[in-house]
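These are the residues of each chain, in order.
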Amino acid sequence: MNSRTLEQLMPDIKESLQAKNSTDFQHIIHEFLPYDLARVHSHLSSTEQAQLLKFLNEDQIADMIQEMEHPNQIEVLTRLGKEKTAIILDLMDNDDLAILLDELSPEQKDELIRGMRDEESQFVRNIMKYPPETAGRIMTNRYVWIPQHYTVSEVVQKLKTYVSISETINYLYVIDHDKKLMGVVSYRGLILAEPDEYIVDIMHSRVLSVPVDADQEEVALLIQKYDLVAIPVVEQDNRLVGIITVDDILDVVISEADEDIRKMNATGGKSIDFNTKATVAAYRRLPWLILLLFIGLISGTIISRFEETLAQVVALAFFMPMIAGMTGNTGTQSLAVIVRGLTTKEMSKSLVYRLLARELKVGLMIGVTCGFLISLIAYFWQGNLYLGFVVGSSLVATLIVGTMAGTIIPLILFKFKIDPAVASGPLITTINDILSLVIYFGIATLFLSYI
């Protein structure tokens, strides 16, 4: 795109569409990326969108659709008609197409797939047989494979033929006559080799690959660890069936992080964004909040049990919100650290023990520091040394307990194969509120005769 922003170019784009001037339109958008075209489409009226689709060629439309939200994708395909839709689907990346089709009814899905070329439709059908969020579901067949008996010059000739349809040529995968993965050659290694050298002599035989049923988070972890831009996907007999590129893994990482954030904020893992209707957003939030409401009633029961303690020392009530709030905050902080760590680390007993010891030390240091400060504040505010001791020691204990709760609960869930993100921030906060009140009033009751 030139130095002018999309917003500055939109009047010219609309003018060319309304005048049906294809030449001016193509001149304006000739350097646009697919994401830019998708943004242009979203800024146009229905009539202008129809004209836009007439001006764009099949490759441009296919690339643009892959950058759109699902409802807009379906809207565009509906406008194109069956024949053009089939061409567009053939041009789309298989993994993106599988995601698009996943949202449709079986009848709509079959109708769209039937119009595609046999090779492409068969691959998409195969992809959709694999469970969601697995390597097989996000792989593509747009890669370059080469027989091990090829020479470098033969590979270069093949590259010239297939480079336009391949998602990446950073890695070229070497296979035998049964299509089993034998090795990999980097593009850099290829251009540095002599033309008459055989691929089998320059390839790396140790190839990192993932099985088709591998979890997509495991794939992301491998790509992160080894700084790969693509990774091959194999079946049980080590037969190469596809590759996963780093751009698709970025989508996975963002999607997983978004899902975890939604769970940690007690929205049930369902998407709520700027465009979500108020009724839908409320419906998705209410189940968790109603559950937490009833759990929170326990706090009221605890306070009622210590009514005599409160009646004798009213000043204890001044520090209740602070004790509960601080405990909830430290628990949520620990929860965030653990949930993030569980997505990037392989857990072992030794790691868990080190983690628990580390968080215990953290809770102790935070507790002592904050407890000492609040003891001084309580003493100078209320003029009661024992009250300062009760509030300070309570805060030390509750911060240690809160930190450990935020650590242990997600680890237990992880042990039982439950997504640790369901130990959401509001849930940890509510549990820690209850624990902090029990500790606070328990210590206060023990020292009631002094305060």
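As the structure is a prediction and not an experimental result, all values here were calculated from the model. (Residues numbered from 1 in each chain as written. Predicted model: local features only at pLDDT ≥ 70, side-chain atom pairs only at ≥ 80, totals over all residues. Heavy atoms only, no water.)

Peer 1: Quick question: what am I supposed to make of the UniProt feature "domain: CBS" (unreviewed entry) in the chain here?
Peer 2: The UniProt record annotates "domain: CBS" (unreviewed entry) at residues 139-202 and 203-259. The distance from the first to the last C-alpha atom of residues 139-202 is 26 Å, and the span holds 33% helix and 22% strand. (UniProt positions renumbered as here; feature names shortened; annotations may be inferred. Helix = DSSP H or I, 4+ residues; strand = E, 2+ residues; numbered from the N terminus.)

Peer 1: Before we go on, may I ask you to explain the environment of Ile199 in this structure?
Peer 2: Counting through the fold element by element, Ile199 comes out in helix α14 (residues 199-202). In this structure Ile199 comes out as buried when scored by relative accessible area, which is 0%. Remark: the alpha-carbon pair of Ile199 and Val152, spanning 47 residues in sequence, is separated by 6.2 Å. Excluding residues within four positions of it along the chain, Ile199 makes contact with Ile146, Gln148, Tyr150, Thr151, Val152, Val155, Val174, Val185 and Leu190. (Buried < 20%, exposed > 50% of the residue type's maximum accessible area, 1.4 Å probe, protein only. Contact = heavy atoms within 4.5 Å.)

Peer 1: Help me understand the sheet that holds strand β2 (residues 171-175), please; the structure alone is not making it clear to me.
Peer 2: Remark on secondary structure: sheet strands pair via backbone hydrogen bonds, oriented parallel or antiparallel. Taken together, the 3 strands give an open sheet; going across it, the order is β1-β2-β3, and neighbouring strands pair in mixed fashion. Of all the strands in the sheet, just β1 (145-147) and β3 (181-186) have a single pairing partner and so form its edges. Neighbour to neighbour, the strand axes of the sheet diverge by 35 degrees on average, direction disregarded. Bridge count for β1 against β2 is 3 bridges, and the pairing is parallel. Paired with Trp145 across the two strands is Tyr173, which belongs to β2. (Pairing = 2+ DSSP bridges. Axes fitted to C-alpha atoms, helices over the stretch in contact; angles between N-to-C directions.)

Peer 1: Help me out: how do you make sense of the environment of Arg188 in this one?
Peer 2: For Arg188, the position within the fold is in helix α13 (residues 187-192). With a relative accessible area of 61%, Arg188 lands in the exposed category. Each C-alpha atom, one on Arg188 and one on Glu69, is 36 Å from the other, the two residues being 119 residues apart in sequence.

Peer 1: I'm lost on the pattern of salt bridges in this one. Help?
Peer 2: Between side chains of opposite charge, a pair can form when the charged atoms approach closely. Enumeration over the complete set of coordinates arrives at 10 salt bridges. Its salt-bridge partner being Glu111, residue Lys82 comes within 3.6 Å of it at the nearest N-O pair. Of the two residues, Lys82 sits in helix α7 (residues 82-91) while Glu111 sits in helix α9 (residues 106-114), which places them 29 residues apart along the sequence. Here Arg358 and Glu359 are joined by a salt bridge, their closest N and O atoms 2.7 Å apart. On the basis of relative accessibility, which here comes to 5%, the residue Glu359 falls in the buried class. What you see here is one network of salt bridges that share partners, running through Asp90, Arg117, Glu120 and Arg142. (Salt bridge = Lys/Arg side-chain N within 4 Å of Asp/Glu carboxyl O.)

Peer 1: Is there a simple way to think about the UniProt feature "transmembrane region" (unreviewed entry) in the chain in this case?
Peer 2: As annotated in UniProt, the feature "transmembrane region" (unreviewed entry) corresponds to residues 286-304, 310-339, 360-381, 387-414 and 426-450 in the numbering used here. For the annotated span residues 310-339, helix accounts for 77% and strand for 0% of the residues, and the straight-line distance between the end C-alpha atoms is 38 Å.

Peer 1: Sorry if this is basic, but what is going on with the packing of aromatic side chains here?
Peer 2: Here a ring pair, both rings aromatic, is described through the centre-centre distance and the interplanar angle of the planes. Considering all chains together, one arrives at 8 aromatic pairs under this definition. When the centroid spacing of 5.4 Å and the interplanar angle of 70 degrees are considered together, the rings of Phe319 and Trp381 count as edge-to-face. Note that Phe319 is positioned in the loop between α18 (307-312) and α19 (320-342) and Trp381 in helix α20 (residues 349-382), a separation of 62 residues in sequence. Note on Phe389 and Phe447: the rings are 5.2 Å apart at their centroids and 70 degrees apart in plane angle, and the pair reads as edge-to-face. Placement of the pair is Phe389 in helix α21 (residues 385-415) and Phe447 in the segment after α22 (425-446), with a sequence separation of 58 residues. Taken together, the aromatic side chains of Phe306, Tyr440 and Phe441 make up a single cluster linked through ring pairs. Here Lys158 stacks its cationic end above the ring of Trp145, 3.6 Å away from the centre of that ring. (Phe/Tyr/Trp six-rings, centres within 6.5 Å; stacked < 30°, edge-to-face > 60°. Lys NZ or Arg CZ within 6 Å of the ring centre and 35° of its normal.)

Peer 1: What exactly am I supposed to notice about the pairing of strand β6 (residues 240-245) here?
Peer 2: Across a regular strand the side chains alternate sides, sitting on one face of the sheet and then on the other. Judged by how many residues are buried, β6 sits mostly within the fold: 6 of 6 residues are covered. Two strands pair when backbone bridges link them, and strand β5 (residues 230-234) and β6 are joined in this way by 5 bridges, in the antiparallel orientation. Among the inter-strand pairings, Ile231 is bridged to a residue of β6, identified as Ile244. Hairpin geometry of β5 and β6 is characterised by an intervening segment of 5 residues between the two adjacent antiparallel strands and by a positive phi of about 65 degrees at Asn238.

Peer 1: What's the story with the sheet that holds β5 in this structure? I'm lost.
Peer 2: Pairing is mixed in the open sheet, where 3 strands are placed in the order β4-β5-β6. Unpaired on one side and paired on the other, β4 (210-211) and β6 mark the two borders of the sheet. Relative to β5, helix α15 (residues 216-226) is tilted by about 135 degrees, and along the sheet it contacts β4, β5 and β6.

Peer 1: Just to check I follow, could you spell out the packing of helix α1 (residues 6-18) against helix α2 (residues 22-29) for this structure?
Peer 2: The packing of two helices is summarised by the inter-axis angle and the distance between the axes. Two numbers describe how α1 lies on α2: the axes approach to 8 Å, and their chain directions differ by 155 degrees. Judged by the inter-axis angle, α1 sits roughly antiparallel to α2. When you trace α1 past α2, the crossing you get is left-handed. Of the residues in α2, those touching α1 at Leu9, Asp12, Ile13, Ser16 and Leu17 are Asp24, Phe25, Ile28 and Ile29. Class assignment for the residues of the contact of α1 with α2 results in 6 nonpolar, 1 polar and 2 charged. (Parallel < 35°, antiparallel > 145°, perpendicular 65-115°, else oblique. Left-handed = near helix turned anticlockwise from the far one by under 90°. Nonpolar A, V, L, I, M, F, W, Y, C, P; charged D, E, K, R; others polar.)

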